[in-house]
Structure formats: C-alpha cells, structure tokens
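Summary of structural features
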Amino acid sequence: MPIDYYRFEGSPPCNIVDLVIEKLGIESDLNVHHLGWLSEDYLKPEFLKINPQHVCPTIVDEGFTLWESRAIAKYLLTKYGDQKLYPKDIRTRALIDQRLDFDLGTLFCRFTDYYYEYPHGKPLEEGKLNKLKEALGFLNSFLEGLKYAAGDELSLADLSLAVSVSYIVAIGVSIDEYPNVVRWHQLLKSTFKPYETIIRHNINEFFIVVNKVISLNQNKAMFVHFLRLLLNESANYLKVMKSELGWPNERLNNKSDKVPIDFYRMEGSPPCTVLSLVIAELGIQSDFKERTFDWHSQEYLNPEFKKINPQHIVPTIVENGLVLCESRAITKYLLAKYGDEKLYPKDILKRVIVDMRLDFDLGTLFCRFADYYYGFPYGQPLEEDKLKRLQEALWFLDTFLVSNKYVAGDELTLADLSLGVTVSFILAIKVSIDEYPNVLRWHNMLRSTNSNFKSIVDHSIHQFITTTGEMIVMYSKANQQKE
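Residues numbered from 1 in each chain as written. Predicted model: local features only at pLDDT ≥ 70, side-chain atom pairs only at ≥ 80, totals over all residues. Heavy atoms only, no water.

A short note on empty space enclosed by the protein
Defined as follows: The distinction between a cavity and a pocket rests on a 1 Å grid over the protein atoms alone: a 1.4 Å probe fits inside a cavity but cannot get out, while a pocket stays open yet meets protein on both sides within 12 Å along at least five of seven lines, and a residue with an atom within 4 Å of a point counts as lining. Grid points are joined across faces, edges and corners, and a volume is the space filled by probe spheres set on the points. The helix and strand labels rest on DSSP assignments: H or I over at least four residues marks a helix, E over at least two residues marks a strand, and numbering proceeds from the N terminus. Three residue categories are used. Nonpolar comprises Ala, Val, Leu, Ile, Met, Phe, Trp, Tyr, Cys and Pro, charged comprises Asp, Glu, Lys and Arg, and polar comprises the others, including Gly.
Under the defined criterion, the tally for this structure stands at two cavities of 30 Å³ or more. Residue lining of the largest cavity: P270, P271, V274, S327, R328, D361, F366, S418, V421 and T422, and that is the complete set. Those elements giving two or more residues to the lining of the largest cavity turn out to be α10 (270–282), α12 (327–337), α13 (348–373) and α15 (414–428). Here the residues of the lining of the largest cavity are counted per class, giving five nonpolar, three polar and two charged.

This is the structure we're talking about:
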C-alpha cells in the first residue's frame, strides 16, 4: 500500500522530507495529500484524528502514523535501507546530530522569529536580524576547514541546513559576509542537482502563500497560526539509521585506558540537566570531568572556550578530540557509546516515536517556554500570547499521553527525561499543569519512580531560580541607574 504523505506547499519542513524522498527515489510509493491553509484542511476532524497536533508533514504507512519531519525522514531512510546520509560511525553521526540540532534550535528558529510575522505588517526587527546573522556566523565557523557541514561527505545535516540558508537568502538576507557558507551552499547546488529544483519550487510556493496572507489582510491570530503551521517543527533536523544495525552496541573504549570526558556546563541550565540525568542513568559520572561555568563571570565567552565551541553554548563535551554540543546530540552519542538500548530503543518503530517526541520538545515545548520566560529576568514583560502558545504545547503533550504510560509508549525513554525536565522548569516559573491530567499523572510518576530525576531536577531548578533572581536584581539596579 502507498504511504499517505500530508504536506503544505512551500513549507521548509516538508521541503526537507521532499529532498529525502527525491534522494531515495520513492515518489511512486507515496500518496501525497496537499493540505490547504485557507480551506483549513489541517483542522478537519479526519486529519485531527490522524494527528491531534495538526502539523505537517505527517505520514501514515499501513496504520503507522508519524509526524515531525526528522522522525519521518529517519523512518523512510531506514525503511528503504539508506545509510549514506547518516553513517554508522557514532562520532560522525554525533557531529551530524549536533549540526541538525543547531539548525532546529538556532538557525531555522531565528529565521522564523525574524520573518514569520512580517507579512502581517509587523516590522522586521534589527535585533532579531542580528541574532539570525550571529547564527550564520556560527555556521560559517563550523564549516571552516570542512567540505560539508559534518565532514568530507554529504549528510542529512547539509540538506537540513541548506534549506534554512536557502529560505534566509530568499527573504533578502545576504550571506556574502560568510565565505564558508557561500562556498558550501554553491557546492550543494552544483553537486546535488535535484536540490535547486526542489528548493526553487518550494520557495516560490512559500511566497505565493505569504502574498496571499498579505493581500487578504487576515487578522493577526489567523495569520500567526498559519505561519506557525507552515514553518512548524523545523523539518531541517533529519537523521537516519538502519534498523537491523541500530546504534552500535559495543563500547568503543576500554575503561582502563579512558581519558575523562570534559563536560562544560552551567548550573540551572535545562539542557545541562537533561545531560546530567542521562549520565546518572548510565552510571558513568566517574567518566566525566565537570567544568562548571558561572554566568556572572561569563566564562563561556572566554577565548579559550570559544576556540573549543565558537557557538559558546553549554552543554559541551570534549572527548579525545571530539567536540560536541547540543544536549540531545550528546545524549544520543553517550547512549550509543555505552550500549544502552532502553532509553533509545533499537527497534525502529519505537525509536522514531522517541525522536518525534524529542523534536516536539526542542522545536515546540521548550522553545515556547524559553520564548515566554527567558526575556523576563532582563526586564521584558511576560506576554499573554506567549503564555497561551506555551499552554497549547502542554495540551499537545497531554494528548500524546492519553493512552500511553510514558511519552513514547510503555517504557521510560530519553524523550521522558527531556520532556520531563522541560515540564519541571515550566512548573518552576508558576505555570500550572493542573488542567492537563495526563501530563500531571506522567510527571508525578517520573518524580516518584525515578530517584535521579527528582534529585537532579530539583537541584537544577533551585540553581535556576537563584540565578534568575540575581539577574532580576542586577538588571533592575542597572535600569534604575540609567533613570
């Protein structure tokens, strides 16, 4: 039976899935459904029954339903036996994951933040443009000395990042000051011929839709909802594996000759908390040398750390020359290295569900938490619209848990640890989850059945609240002095 593929024209996430389909040559295996935003096909009961989050892309393959573009891509590439874009070697794979997570959480996110409200009449903000350019600068530094984004071979990270860069260029943001990005982008267009054809078509469709929004002059709520659907979930985070191989199970190093892994972290950081949980679950605390940064002294901006990680974010690990950031990429690498299949199952159908939930966390729930709260300690007001978007994301999570003990099935997985940390920090900023009974039941279960979760998360939240309070006092005094 053909795979049902639900998509939006012009959507970058769907664009990435389109590229994977082209790479696999499986167009004839798909039954494509083009959903219209004006007709609100994505809100019709029949589609809501398939996908309560009502986002695209979504696929249905003989009763197996999957959304989140990167989870779809992994499933398709596994189903059709392709390993070239996501190699078996765990170090190479970890670097690809890092680049993909950077795209999902930084580059593409800043593109949407800068542009998605512009067609409705909101001005393009210089501050947001500067943040987008900063992300392009990070990408430029990643490409220094490399042919492709993660090494000498084309990977899914290249397809993902290239879609973001293409849309950034399409809205008039120049990449000329980033020579490595220009060289790499030209290389992709010249060596992967279908890329430019597919990109050009989708960008044309993107602007057709945007122009319709402008001409129809829809109210703000309808427009914002549409563009969030159009750009949702950042399909540019694609990973692939072969199901019969899964992650390699063997330990790569003998414990006796291991060099400690440097773990750069910051107290009270949600991403660092997720990594600390995984380390505790694996029982490998002794394999790490923690290097804790103090936000007051801004050690993460020191030249020696920026040389290690030009993006200067935590968590970052360094192991025998491998430098890795992005918490989800690190945790998957560690689970592969230490041969743990419980938190990240080998079975492909189970694994893609875990990936779908992890990507929902990074691209939706945690993103909306950060968007709502992270400006508050710097004097920005808490906005009602952003709170409602956060509450909507909690409602989505509640629907995922309706018939599941854990977020991806009957067993605890990496997705529970990641989402559990996010929900805990949401509670810490006084956003109630009482109206989400499935979330409440699941979160209470995590705290009562997993001692690592309760102790590590509670410690991190205490540090988070302490640091936030210090920031509020500091910036309040600074503003008073200006007055």
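From this point, the discussion proceeds with the structure in view.
Overview of the sheet that holds strand β6 (residues 288–293)
Our working definition: Any two strands with at least two DSSP-identified bridges between them are counted as paired. Between N-to-C directions, angles span 0 to 180 degrees; the directions come from axes that are lines fitted to C-alpha atoms, helices contributing only their stretch in contact. For this analysis, residues touch if any pair of their heavy atoms sits within 4.5 Å.
Spatial strand order, β6-β5-β7-β8: four strands in an open sheet with mixed pairing. The two strands at the open ends of the sheet, each matched to only one other strand, are β6 and β8 (322–325). For this sheet, the mean inter-axis angle between neighbouring strands, taken without regard to orientation, is 20 degrees. Alignment of strand β5 (residues 261–266) against β6, held across six bridges, turns out to be parallel. Bridge pairing links M266 to F293 in β6. Along the sheet, α10 contacts β5, β6 and β7 (316–319); its crossing angle with β5, the most-contacted strand, is approximately 140 degrees. On top of the sheet, α12 reaches β5, β6, β7 and β8; it is set at about 130 degrees to β8, its chief contact.

A short note on the pattern of salt bridges
What counts here: Whenever Lys or Arg places a side-chain nitrogen within 4 Å of a carboxyl oxygen from Asp or Glu, that contact is recorded as a salt bridge. Partly exposed describes any residue whose relative accessible area lies between the buried limit of under 20% and the exposed limit of over 50%, with all areas from a 1.4 Å probe on protein chains only and scaled to the type maximum.
Applying the stated criterion to the full structure yields 26 salt bridges. Among the ionic pairs, D113 bridges to K128, the shortest N-O distance being 3.6 Å. Pair noted here: D113 is in helix α4 (residues 90–115) and K128 is in helix α5 (residues 126–142), with a separation of 15 residues, a long-range link. Of the residues examined, D113 reaches a relative accessible area of 32% and is grouped as partly exposed.

Notes on the environment of A149
Along the chain, A149 falls in the loop between α5 and α6 (156–170). Separated by twelve residues in the primary sequence, A149 and L161 have C-alpha atoms spaced 8.3 Å apart. The contacts of A149, once residues within four sequence positions are left out, are R99, L143, A157, D158, L161 and W184.

Quick word on α5
Put simply, the rule is: In a helix, the anticipated span is given by 1.5 Å times the number of residues less one.
Relative to the 24 Å expected for 17 residues at 1.5 Å per residue, α5 spans 24 Å between its end C-alpha atoms, a close match to the ideal helical length. Here the buried face of α5 lies against α4, α6 and α7 (179–191).

Section: α10
Going by this rule: In protein, a polar contact means a hydrogen-donor-capable atom and an acceptor-capable atom, both N or O and within 3.5 Å, with residues adjacent in sequence counting only if both atoms are side-chain atoms; elsewhere, any N or O pair within 3.5 Å suffices.
Between its terminal C-alpha atoms α10 stretches 19 Å, which fits the 18 Å expected from 13 residues at 1.5 Å a residue. Among the 13 residues of α10, eleven are classified as buried, and the element is accordingly described as predominantly covered. Where α10 is concerned, the buried positions are P270, C272, T273, V274, L275, S276, L277, V278, I279, A280 and L282. Taking the backbone nitrogen of C272 as reference, a side-chain oxygen 3.2 Å away marks S269 as the first, capping residue of α10. Phi turns positive one or two residues past the end of α10, at G283, with a value near 65 degrees.

Points about the nonpolar core
The condition that has to hold: Residues belong to one nonpolar core when they are buried, are Ala, Val, Leu, Ile, Met, Phe, Trp, Tyr or Cys, and are joined through side-chain atoms within 4.5 Å.
Grouped together as the largest cluster of nonpolar side chains are 147 residues, with contacts concentrated most on L66, L107, W184, L365, L397 and W442. With twelve residues, the single largest contributor to this core is α13.

Thoughts on the packing of helix α14 (residues 384–400) against helix α16 (residues 437–449)
As a reminder, the rule being used: Under this scheme an angle from 65 to 115 degrees is roughly perpendicular, one under 35 degrees roughly parallel, and one over 145 degrees roughly antiparallel; angles in between are oblique.
The geometry of α14 relative to α16 is characterised by a closest axis approach of 7 Å and an angle of 75 degrees between their N-to-C directions. Considering their axes alone, α14 and α16 lie roughly perpendicular with respect to each other. Here L394, L397 and D398 of α14 come into contact with α16, specifically with P437, N438, V439 and W442. Here the contact of α14 with α16 is composed, by residue class, of five nonpolar, one polar and one charged.

Describing the sheet that holds strand β4 (residues 64–67)
Strand order in the open sheet formed by four strands is β2-β1-β3-β4, and the pairing between neighbours is mixed. Strands with a single pairing partner mark the edges of an open sheet, and in this sheet they are β2 (30–34) and β4. Averaged over all adjacent pairs, the angle separating strand axes in this sheet is 15 degrees, with direction ignored. Here strand β3 (residues 58–61) pairs with β4 via four bridges, running antiparallel.

Re the packing of α10 against α12
Contact geometry of α10 with α12 gives a least axis separation of 9 Å together with a crossing angle of 10 degrees. On the basis of the axis angle, α10 is roughly parallel to α12. Contacts between α10 and α12 involve P271, V274, L275, V278, I279 and L282 from the first element and S327, I330, T331, L334 and L335 from the second. Tallied by class, residues from the contact of α10 with α12 come to nine nonpolar, two polar and no charged.

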